[in-house]
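Chain by chain, the residues:
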Amino acid sequence: MDALVQALADPDFRRDVLAGLAAPIRAIPARWLYDRRGSELFEAITRLPEYYLTRTETALLERRCPDVARIAGPGQAVVEFGSGASVKTRILLAAAAASAYVPIDISGDFLRDAAASLGEDFPGLAVHPIEADFTRPIELPEALDALPRFGFFPGSTIGNMIPATGVDLLRAMRRTLGTGAWLFIGFDRVKDPAELLEAYDDRAGVTAEFNLNLLLRINRELDGDIPVEAFRHRAIWNEKLSRIEMHLQVARDIGFAVSGRHFTMSAGETIHTENSHKYGERDARTLLLAGGWTPVEEWTDEAARFALVLARAEPERSAP
Ligand code: AVI
C-alpha cells in the first residue's frame with residue numbers, strides 16, 4: 001500500500017513538502033492547499049460573512065464593468081488567468097461586447113466544464129480554453145491574432161505572491177498579451193488588521209479547516225503520519241510586509257514521517273502555508289508599473305476595502 005501511495009504521489013508535491021518541512025523556516029507553497037477538498041473549502045470561505053473580498057469585488061464588478069467596457073471598446077479577446085469556475089467572468093462578458101474568451105487554468109477538467117457552460121450562455125462568443133501554467137508567457141491561438149487583447153485577473157490572487165513573483169507574473173502577462181493590451185486586475189486593500197484577521201480566522205472555523213486540510217493531504221498522498229490534532233490554524237498580520245500570513249502551529253513537541261523522511265517540531269513552531277498581501281493605492285500602481293503595466297483607471301467600494309484597476313501595456317520607452 002505504501003509503495004502504491006508513493007508511486008501515485010505528485011513528485012512536485014513531494015519535493016515541495018519535503019523541502020519545506022526541512023527548511024530552517026518551515027513553509028509549504030500555498031498552491032498545495034487546493035486539492036478537491038481544499039477547493040471546496042475555499043468556495044465555502046468566499047461565502048463567509050467575515051470574508052468580505054469576494055462579495056465586495058463581485059459588487060464592484062457589477063457596478064463598474066460597463067465603464068470598463070466603454071474604455072476598452074468592443075471586440076476584445078478576453079484572456080482570464082487562473083479562470084477556475086469563471087464566475088466573475090460572466091459579469092464582465094455580460095457588460096463587454098467581447099469577440100473571444102480564453103480561460104487559462106492549470107486544471108484541465110475544471111477548465112473544459114467551465115468553458116463549455118460559458119459557451120452555452122454566451123452564444124456567438126468564441127471560447128478557446130488553454131490548459132497551462134499562466135506564470136509563464138503563453139502562445140495564444142492564431143485565430144485571435146487580429147483581436148485586441150484584454151487580460152482579466154480578479155480575486156486578489158496577485159496578493160498570494162510575494163511582490164517579486166507578482167512582478168514576474170505581470171511581465172509574463174504582458175508578453176502573453178502584447179503591447180496595447182489591457183489588464184483588469186483585483187487588489188485587496190490594506191485595512192484595519194482586526195478586520196483582516198477576522199477574514200482569515202472566521203468564527204465557523206472554515207479557514208482553519210482549509211489550512212489544516214493540507215496536513216490531511218500530506219498524510220494521505222505522501223504516506224505521512226503527522227498528528228493533525230496537535231496543530232492549530234494561525235492567521236497573523238505582518239505589518240512590515242503588509243500581508244496576512246497563514247501558519248499551522250504545533251501545540252506540543254512532535255515527531256512524524258512523510259515519504260519515509262523523519263521530522264521533529266517543538267511546541268510553538270509553525271509551518272508557513274500562505275501569504276495574502278494587501279496593497280495601498282500607490283503600492284498597487286507601483287507593482288503594476290514594475291510589471292510593465294500603466295494604470296489607467298481605478299475603482300473601489302465606498303469603504304475602500306477592495307480595488308479594481310484597469311491598466312494598459314503601453315509601448316516600452318527608453319529612460320530619459
Ligand atoms: C485565493 N486567495 C485570493 C485567497 C486570499 O484571500 O488570499 C485565499 C485564502 N486564504 C485564506 N482565505 C482565503
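Below: a short report on this structure. (Residues numbered from 1 in each chain as written. Predicted model: local features only at pLDDT ≥ 70, side-chain atom pairs only at ≥ 80, totals over all residues. Heavy atoms only, no water.)

### Let's talk about the packing of aromatic side chains
Now for step 1: Following the criterion strictly, the structure yields 13 aromatic pairs and no others.
Now for step 2: An angle of 80° between the planes, with centres 5.9 Å apart, marks the rings of Tyr34 and Phe42 as edge-to-face.
Now for step 3: Given a relative accessible area of 33%, Tyr34 falls into the partly exposed group.
Now for step 4: Clustering of aromatic rings is evident, with ring pairs tying together Tyr34, Phe42, Tyr51, Tyr200 and Phe210.
Now for step 5: In this structure, Arg217 packs its charged tip against the face of Phe13, placed 4.5 Å from the ring centre. (Phe/Tyr/Trp six-rings, centres within 6.5 Å; stacked < 30°, edge-to-face > 60°. Buried < 20%, exposed > 50% of the residue type's maximum accessible area, 1.4 Å probe, protein only. Lys NZ or Arg CZ within 6 Å of the ring centre and 35° of its normal.)

### Some points on the site of the ligand
Now for step 1: Taken together, the neighbourhood of the ligand is formed by 13 residues, with Tyr51, Asn160, Tyr200, Glu274 and Ser276 sitting nearest.
Now for step 2: Here Tyr51 contributes a side-chain N or O atom positioned 2.5 Å from an oxygen atom of the ligand.
Now for step 3: Here an oxygen atom of the ligand and a side-chain polar atom of Tyr200 are 2.5 Å apart.
Now for step 4: Compared with its free state, where it exposes 340 Å², the ligand has 96% of that area covered by protein.
Now for step 5: At the level of elements, helix H3 (36-46) and strand E11 (270-277) are the ones that each hand at least two residues to the shell around the ligand.
Now for step 6: Residue composition of the shell around the ligand, by class: eight nonpolar, four polar and one charged. (Near = heavy atom within 4 Å. Polar contact = N/O pair within 3.5 Å; in protein donor to acceptor, adjacent residues only side chain to side chain. Areas by Shrake-Rupley, 256 points an atom, 1.4 Å probe, with all protein chains shown as cover. Helix = DSSP H or I, 4+ residues; strand = E, 2+ residues; numbered from the N terminus. Nonpolar A, V, L, I, M, F, W, Y, C, P; charged D, E, K, R; others polar.)

### Examining H3
Now for step 1: If you check which residues of H3 are buried, you get Gly38, Leu41, Ile45 and Thr46. One side of H3 holds all its buried residues, which, seen down the axis, span an arc of 145°.
Now for step 2: Looking at the packing, one finds that the buried side of H3 touches helix H4 (52-72) and helix H9 (206-221). (Arc of directions from axis to C-beta. Contact = heavy atoms within 4.5 Å.)

### Re the environment of Thr135
Now for step 1: Note that Thr135 resides in the loop between strand E4 (130-131) and strand E5 (149-153).
Now for step 2: Residue classification places Thr135 among the partly exposed residues on the basis of a relative accessible area of 40%.
Now for step 3: Residues contacting Thr135, with those up to four places away along its chain left out, are Leu169 and Ala172.
Now for step 4: A distance of 2.7 Å separates polar atoms of two side chains, one belonging to Thr135 and the other to Asp133.

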